[in-house]
Amino acid sequence: PNHPKFLREMASEEPKLSKGALKKLEQKAKKQAAKEQAKKDTEPKQQQPTEETANNYGVLPLIQSQTKDSHKYYKIRDLDEKLDGQVLWVRARLHLSRGKGNLAFLILRQSLHTVQGVLVKGNTISKGMLNFVSKLTKESILDVEAKVTVPKDPIESTTQKKIELSILQLFVVSAAESPMPLQIADAEVPEPLIVAQKQEVERLANEIETLKEESSNASEDKKKEIEDKIAELTKQKGSAQKYATVSQEQRLDNRVIDLRTTTNQCIFRIQSAVGQLFREFLLAKNFTEIHTPKIISAASEGGADVFKVQYFQGNAYLAQSPQLFKQMAICGDLDRVFEVAPVFRAENSNTHRHLTEFMGLDLEMAFTEHYHEVLDVLDELFVFIFDELTKRWSKELEVIKVQFPFEDLVYHRPKSLRLNYSQAIQLLQEAGENIKELDDIGTQQEKLLGKLVKEKYNTDFFILDKFPASVRPFYTMNDPLDSNYTNSYDFFLRGEEILSGAQRIHDPALLEAKAKEKGVGILT
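Nothing here was measured: the structure is a model prediction, and the numbers come from that model. (Residues numbered from 1 in each chain as written. Predicted model: local features only at pLDDT ≥ 70, side-chain atom pairs only at ≥ 80, totals over all residues. Heavy atoms only, no water.)

Considering soluble globular proteins, one finds that nonpolar side chains tend to be buried as a cluster. Of all hydrophobic cores here, the largest spans 32 residues; its most connected members are Leu363, Leu378, Tyr489 and Phe491. Only α10 (262-284), β11 (336-344), β12 (357-365), α12 (372-392), β14 (461-465) and β17 (488-493) provide two or more residues apiece to this core. It is α12 that contributes the most residues to this core, 10 residues altogether. Ranked by size, the runner-up nonpolar core spans 27 residues in total, among them Tyr74, Leu79, Leu106 and Val172. (Core = buried A, V, L, I, M, F, W, Y, C linked by side-chain atoms within 4.5 Å. Buried < 20%, exposed > 50% of the residue type's maximum accessible area, 1.4 Å probe, protein only. Helix = DSSP H or I, 4+ residues; strand = E, 2+ residues; numbered from the N terminus.)

Here it is, written out as structure tokens:
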């Protein structure tokens, strides 16, 4: 509008300006134009993307195994100060990102490990690249080329605290959808914080409901006072809801995402570690790993707790136990065998301990004179697993403890505490339990026993030996000194049975006699 030509056109319209007024307007317009040009000259010119900066970010084509070994990719866990100054490639998920002006910060994640990446606008990082990065969705998989640098201060928000990545190139391998059905950060909130939040919100909600009831019968002046209190409590209730609650249903519906949380990553590693240590110990003790059938022609333990399945034109059953197969292996002179395999039990139970399918860690071994030879191996096995988990997987245990706090396991070493069944009964009786010498110990009594043992012997783990014959199967060998008891045992951890075993009758005539005594048909 300040262009002289425009002013002339305006001057030709009514009312007409004098030549002097027109000249003044032209001079004013020229001054304004010169001022604006000077301003443009002093402003930093926008960087024009060079061929290099235009090609150092973007979305990669679909990987169809077109190339091989184009880059050497580093694991985040292996990045340290020794790599300072080196340029390398990392493939990782985008965990978090934030931008500010000409800077962008990314946290890249591989499983449990995270590292900070930084982009700074400059010769190789264009404004367009920063804009591109700002729109990346969390959980996307990225290829990043970066220079390893050592920051002045440790980076507290990542696992790799002593280094960061100065990003040179960034490409999207697989973009995550947005919004995500659940956020990793929400799924990792420590359980005590969720519980405390729930309690506080419920407390405030109850107070609000109480005040509403009071308000219905209050005077007008009092109602105003109550309404103010309700408004304040409602505000507090909103402020108390700091954390998003991720329900079990949400987790299971989106299990692939839920598995990415550091807690779940560690839980699966601990589960794997238990299996690894179980095998490691037994193989060193000359055990042989076997694999027994899981689809069998008859129920392996009798009773109704068995899954029946169609098997072509007939029926079959899912194995409830590998017990008979293990015994066959021992009789076949394998001497020491073990198996890690699924067990199926059709128990219509919703407790945390009874599962319709679980992984069983089974072993069987021949002994020379006394079944305590087996007990000694089992005792040593558990102490080995407990010790090695603490030594070799301590970081994983600490991560789990943040979200689901637990006390460190207390156990005796090198030998675990062993009690006879009669001693356990005595402890329960002294605690006021109405239980007789040969009675079965119920679930709640097992939990109480765990507490009593911890108080008296300072251990979470113990072995209970010599169970009554009345609560054990017919094939269990009787105690040679007292036929009311048997050569059988259970292992307990924090008041719950985690293992059961016994010397089994190996004499056919005695086994047949015991079956008849218990009313068990031989053919079954």
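This part covers unusual backbone geometry. For the bond from Ser178 to Pro179, the omega torsion is 0°, close enough to zero to count as cis. Along the chain, Pro179 turns up in the loop between β6 (164-174) and α5 (184-187). Going from Arg413 to Pro414, the amide bond is cis rather than trans, its omega being 5°. Here the phi dihedral of Asp333 falls at roughly 70°; this positive angle occurs in a residue that is not glycine. Given a relative accessible area of 63%, Asp333 falls into the exposed group. Even without being glycine, Asp335 reaches a positive phi, approximately 70°. As for its placement among the helices and strands, Asp335 is situated in the loop between α11 (323-331) and β11. Take Asp335: its relative accessible area is 41%, and that puts it in the partly exposed class.

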